[in-house]
Protein chains: 2
Amino acid sequence: MGMKKIRIGISGYGNLGRGVELAVRQCPDMELVGIFTRRPPETVKPADKTVKVMHIDQAESMRDRIDVMILCGGSATDLPEQGPYLAKLFNTVDSFDTHAKIPAYFESMDEAAGSSGLISIISVGWDPGLFSINRMMAEAVLPQGENYTFWGKGVSQGHSDAIRRIDGVRDAKQYTIPIQQAVDKVRSGMSPELSTRDKHFRDCYVVLEEGADPARIEEQIKTMPNYFADYETRVTFITEEELKREHSAMPHGGFVIRSGKTGEDNENTSIIEFSLRLDSNPEFTASVLTAYARAAWRMQQEGQTGARTVFDVPPAYLSPKSAAELRKELL
Amino acid sequence: MGMKKIRIGISGYGNLGRGVELAVRQCPDMELVGIFTRRPPETVKPADKTVKVMHIDQAESMRDRIDVMILCGGSATDLPEQGPYLAKLFNTVDSFDTHAKIPAYFESMDEAAGSSGLISIISVGWDPGLFSINRMMAEAVLPQGENYTFWGKGVSQGHSDAIRRIDGVRDAKQYTIPIQQAVDKVRSGMSPELSTRDKHFRDCYVVLEEGADPARIEEQIKTMPNYFADYETRVTFITEEELKREHSAMPHGGFVIRSGKTGEDNENTSIIEFSLRLDSNPEFTASVLTAYARAAWRMQQEGQTGARTVFDVPPAYLSPKSAAELRKELL
């Protein structure tokens, strides 16, 4: 039992799925059983050529051979449909990140997993995920205070896609950049009120289609509701070669800061800060998903069933070490 | 049930006990039932004069009126003795921090609490405590990497006491200060090997007894094994008035950094950093203990018994909010 490896499946093989494949390699207590895809399996090229790639329709037949399926599809269309289907067949972990829809998604996953005696940990990654834990714990420890979340510097897939949908745009990358003055104010313990515009700056690199009008496109970007209208935005037009050369990495990061007060008259300030600096956003997110796969497996082995979030998982369940080892080495 | 407050007792009323009294005030779901002390109760002056102060021998008679006893004694002599005694009577939370003795202390608390059907969460605070969680989770997420812990700038009680024990010293304060160059190297993702001397600097402010020899005392401090011999140490002699005026606050803090690698050839770096900046070390530690008192109560209500550490506690148990509220507001 102690030596039996946790058998992992990956559903969806984009950047995140590939990241999970690489993360599982770093875990001696896990083995990758297979990758499931909606594409023709022969078109998917895993990092390790010996890994089996199957069509997602074959997943059900692998039910007894996979302990945890890590769902690497997107939150917009993939997960709402695949999530509940796969949660009936496997313990799952996913990175569902459409904030407003989390309560509804939780309910549907809870029903699916619960009805099969399985566990599904949803919304795992860094935000939602590790950032959420830090927001939550910092608030619990310092009830009198304010939470601040800053993202970046990093590529926002959603904002890059929004620019790409504009007529005349061939390709684009958008960086979300925290505004240093705002960060400094928060770190100083001032608990400032910050508007959307005060916190982040949006830096866009755009490749035009031939003949497209840069002035019109810049205007369309800067006035786009929800995505850009509320922010200071810079638009730089570059060539396709430049975009590939300078902007193909996927860095990200950010920080969660709580500024709280203690003492008889709230005279003392405590600043709790959690920060990430990531060369590869998808690889790091994948590493978090992989650690939570270990937790999902343990929780289900204990007899727990239904949907969970990172808030419900004892930290110890993420580690391959025993409770006694953790107390001795890391407490 | 939803409205019933968690009834808290405090055992030991130094800086930490006082901090717990103030932290409980910030928690509308808790009430402070009483403070227990080994001193004559009438000599103890709580921040709130209406709070009942009792001798520790009366604790047993309050068994049915307290849900969680927060142990605010020291790790050297108080907790090893009081801990197991009180763990037989109450759910407890403590800040036991003698690293080498944690495994033995855990066993004795596990037996005491377990035999009475109660929960004891040990070694709660920021280190051990929140720092431990971050070391542990960061290692689980990024198995290929290194953990670094830096403390300070802050007052080390143990080192200040060690100086005070030297013949000819009237009073002293010692600040532990992280060495910025080492911190910068770690943050850059270099994963340096750092010796004790590379990481922290020790800054001492000493008040002499009349007629004491400063050269002899400076030498004794700088060569003291374990405490100072392995560090760069600075000794400054000051007056008693200056010590009171400039060095009576109890700030502390520090950071846990993990520098880890992901990718096919470990080509991508991720830096996870958790940091604290605290005006009042005891008040912050008390705030952490108080949040974990909530968790202890919930876990025991669920039927769990025995000793636990921060590694065993699901984050959600620290918050007064419901699971649905947490998902909606903080995930």
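These figures come from a predicted structure and were not determined experimentally.

K.L.:
I'm lost on the overall build of chain A in this one. Help?
P.N.:
Summing up its helical and strand segments, chain A has 11 helices and 14 strands in all. A compact globule built from 331 residues should have a C-alpha radius of gyration of about 20 Å, and chain A, at 22 Å, falls within 12% of that. With respect to the three principal axes, the spread of C-alpha positions in chain A is 65 × 60 × 35 Å. The buried share of chain A, reckoned over its 331 residues, is 57%.

K.L.:
Got a minute to help me understand the sheet that holds strand β4 (residues 68-71) of chain B in this structure?
P.N.:
Remark on secondary structure: sheet strands pair via backbone hydrogen bonds, oriented parallel or antiparallel. All names here are of chain B. Read from one edge to the other, the open sheet built from seven strands follows the order β3-β2-β1-β4-β5-β6-β14, with strand pairing classed as parallel. Whereas interior strands pair on both sides, the edge strands pair on one side only; in this sheet they are β3 (53-55) and β14 (306-308). Each neighbouring strand pair of the sheet contributes to a mean axis angle of 25 degrees, computed without reference to strand direction. In the sheet, strand β1 (residues 6-11) pairs with β4 via four bridges, with the strands oriented parallel. If you follow S11 over to β4, its bridge partner there is L71. Against the sheet, helix α1 (residues 15-25) engages β1, β2 (30-37) and β4, with an angle of about 165 degrees to β2. Strands in contact with helix α3 (residues 102-115) are β4, β5 (91-94), β6 (119-121) and β14; relative to β14, the strand with the most contacts, it is inclined by about 140 degrees.

K.L.:
Explain the relation of the copies chain B and chain A here, please?
P.N.:
Between the two chain copies there is a screw-like relation: a rotation about an axis and a shift along it. Screw-axis analysis of chain B against chain A gives a translation of 0.0 Å along the axis, an RMSD of 0.0 Å, and a rotation angle of 180 degrees. The relationship between the two copies is best expressed as a two-fold rotation axis. Both copies present the same face, since 100% of the interface residues in chain B are matched by interface residues at the equivalent positions in chain A.

K.L.:
Sorry if this is basic, but what is going on with the sheet that holds strand β12 (residues 252-262) of chain B here?
P.N.:
Taken in spatial order, the six strands make up an open sheet running β7(A)-β12(A)-β13(A)-β13(B)-β12(B)-β7(B), and their pairing is antiparallel. Since the sheet does not close on itself, it has two edges, and those belong to β7 (145-151) of chain A together with β7 (145-151) of chain B, each with one partner. The mean angle between the axes of side-by-side strands here comes to 10 degrees, regardless of whether they run parallel or antiparallel. Bridge analysis of β7(A) against strand β12 (residues 252-262) of chain A gives seven bridges, and the strand direction is antiparallel. Of the residues in β12(A), the one forming a bridge with W151(A) is G254(A).

K.L.:
Got a minute to help me understand the interface of chain B and chain A in this structure?
P.N.:
With 70 residues of chain B in contact, the opposing surface of chain A contributes 70 residues. Together, the buried faces of chain B and chain A total about 5900 Å²; carbon and sulfur atoms form 60% of this surface. Of all residues in chain B, Q26(B), R327(B) and L331(B) give up the largest surface area on contact with chain A, accounting jointly for 14% of the area buried on that side. Close ionic contact of R18(B) with E264(A) constitutes a salt bridge, the shortest N to O distance being 2.9 Å.

K.L.:
Sorry, what's going on with unusual backbone geometry here?
P.N.:
Residues apart from glycine generally show negative phi values, whereas peptide bonds are mostly found in trans. Between D127(B) and the following residue, P128(B), the backbone shows a cis peptide bond with an omega angle of 5 degrees. In this chain, G152(B) is followed by K153(B) through a cis amide linkage whose omega measures 0 degrees. Mapped onto the elements, K153(B) comes out in the loop between β7 and β8 (154-155). Of note, the phi angle at N266(A) is positive, near 50 degrees, even though the residue is not glycine. Relative to the helices and strands, N266(A) is located in the loop between β12 and β13 (268-278).

K.L.:
Whenever I open this one, the side chain of S287(B) confuses me. Can you help?
P.N.:
Looking at the secondary structure, you find S287(B) in helix α10 (residues 281-301). Taking relative accessible area as the criterion, S287(B) reaches 5% and is therefore assigned buried. In this structure the side chain of S287(B) is engaged in a polar contact, spanning 3.0 Å, whose partner is the backbone oxygen of E283(B). Once you skip the residues sitting within four places of it in the chain, S287(B) turns out to touch V141(A), L142(A), T262(A) and A23(B).

K.L.:
Whenever I open this one, the pattern of salt bridges confuses me. Can you help?
P.N.:
Any two side chains of opposite charge can pair, given that their charged atoms come close. Under the criterion given, the structure shown has 32 salt bridges over all chains. Salt-bridge contacts for E273(A) lead to R187(A); the nearest nitrogen and oxygen are separated by 2.8 Å. Placement of E273(A) in strand β13 and of R187(A) in helix α6 (residues 180-187) is noted, with a sequence separation of 86 residues between them. For E273(A), a relative accessible area of 10% puts it in the buried group. Sharing partners across several salt bridges, the network here consists of E139(A), K321(B) and E329(B).

K.L.:
Just checking my understanding: could you explain the nonpolar core for this structure?
P.N.:
One broad trend across soluble globular proteins is that nonpolar side chains are buried collectively. By size, the foremost hydrophobic cluster in this structure holds 158 residues, and its most contacted members are I121(A), F284(A), Y292(A), I121(B), F284(B) and Y292(B). Other than its neighbours up to four places away in sequence, Y292(B) contacts M137(A), V93(B), I121(B), V124(B), I133(B), V310(B), V313(B) and L318(B).

K.L.:
Explain helix α2 (residues 78-87) of chain A here, please?
P.N.:
Note on helix geometry: an α-helix contains 3.6 residues per turn, so any two residues three or four positions apart are oriented the same way. Residues and elements named next belong to chain A. Most of α2 sits inside the fold, with seven of its 10 residues counted as buried. Inspection of α2 places D78, L79, Q82, G83, P84, L86 and A87 among the buried residues, and these make up the whole buried set. In this structure, the buried residues of α2 make contact with β1 (6-11), β4 (68-71), β5 (91-94), α3 (102-115) and β6 (119-121).

K.L.:
It is not clear to me how the pairing of strand β2 (residues 30-37) of chain A should be interpreted in this structure. Could you clarify?
P.N.:
All names here are of chain A. Note that β1 and β2 share six bridges and pair parallel. Across the sheet, I6 pairs through a bridge with M30, a residue of β2. Considered for its hand, the β-α-β crossover made up of β1, helix α1 (residues 15-25) and β2 is right-handed. Pairing analysis gives three bridges linking β2 to strand β3 (residues 53-55), with the strands arranged parallel. Across the sheet, residue F36 finds its bridge partner in β3, namely M54.

K.L.:
Honestly, the packing of aromatic side chains in this entry has me stumped. Any pointers?
P.N.:
Aromatic rings considered in pairs are described by the distance between their centres and by the relative angle of their planes. Under the counting rule described, the total for this entry stands at 10 aromatic pairs over all chains. When the centroid spacing of 5.2 Å and the interplanar angle of 75 degrees are considered together, the rings of W126(B) and F131(B) count as edge-to-face. For the residue pair W126(B) and F131(B), the accessibility class agrees, reading buried in each case. When the ring of F131(B) is compared with that of F274(B), the centres are 6.0 Å apart and the planes differ by 85 degrees; the resulting orientation is edge-to-face. On the criterion of sequence distance, the pair formed by F131(B) in helix α4 (residues 130-141) and F274(B) in strand β13 (residues 268-278) is long-range, its members being 143 residues apart. One Lys or Arg, K153(B), reaches over the ring of Y175(B) and ends 4.9 Å from the middle of that ring. In this arrangement the basic side chain of R327(B) is found over the ring face of F106(A), its NZ or CZ atom lying 3.4 Å from the centre.

K.L.:
Mind showing me how you'd approach the pairing of strand β9 (residues 169-178) of chain B here?
P.N.:
Two faces make up the sheet, and in a regular strand the side chains alternate between them. All names here are of chain B. With eight of 10 residues buried, β9 is to be regarded as a mostly interior element. Where β8 and β9 come together, two bridges link them in antiparallel fashion. Residue pairing across strands places V155 opposite Y175, the latter belonging to β9. Judged from the nine bridges that link them, β9 and strand β10 (residues 200-208) form a sheet pairing that is antiparallel. When the bridges of β10 are listed, V169 appears paired with L208.

Rules used throughout
- Residues numbered from 1 in each chain as written.
- Chains lettered and ligands numbered in written order.
- Predicted model: local features only at pLDDT ≥ 70, side-chain atom pairs only at ≥ 80, totals over all residues.
- Heavy atoms only, no water.
- Helix = DSSP H or I, 4+ residues; strand = E, 2+ residues; numbered from the N terminus.
- Rg over C-alpha atoms; globule rule 2.2 N^0.38 Å.
- Buried < 20%, exposed > 50% of the residue type's maximum accessible area, 1.4 Å probe, protein only.
- Pairing = 2+ DSSP bridges.
- Axes fitted to C-alpha atoms, helices over the stretch in contact; angles between N-to-C directions.
- Contact = heavy atoms within 4.5 Å.
- Least-squares fit on C-alpha atoms with pLDDT ≥ 70 in both.
- Buried area = accessible area lost by both parts, 1.4 Å probe.
- Salt bridge = Lys/Arg side-chain N within 4 Å of Asp/Glu carboxyl O.
- Polar contact = N/O pair within 3.5 Å; in protein donor to acceptor, adjacent residues only side chain to side chain.
- Core = buried A, V, L, I, M, F, W, Y, C linked by side-chain atoms within 4.5 Å.
- Right-handed = clockwise from strand over helix to strand, strands pointing away.
- Phe/Tyr/Trp six-rings, centres within 6.5 Å; stacked < 30°, edge-to-face > 60°.
- Lys NZ or Arg CZ within 6 Å of the ring centre and 35° of its normal.

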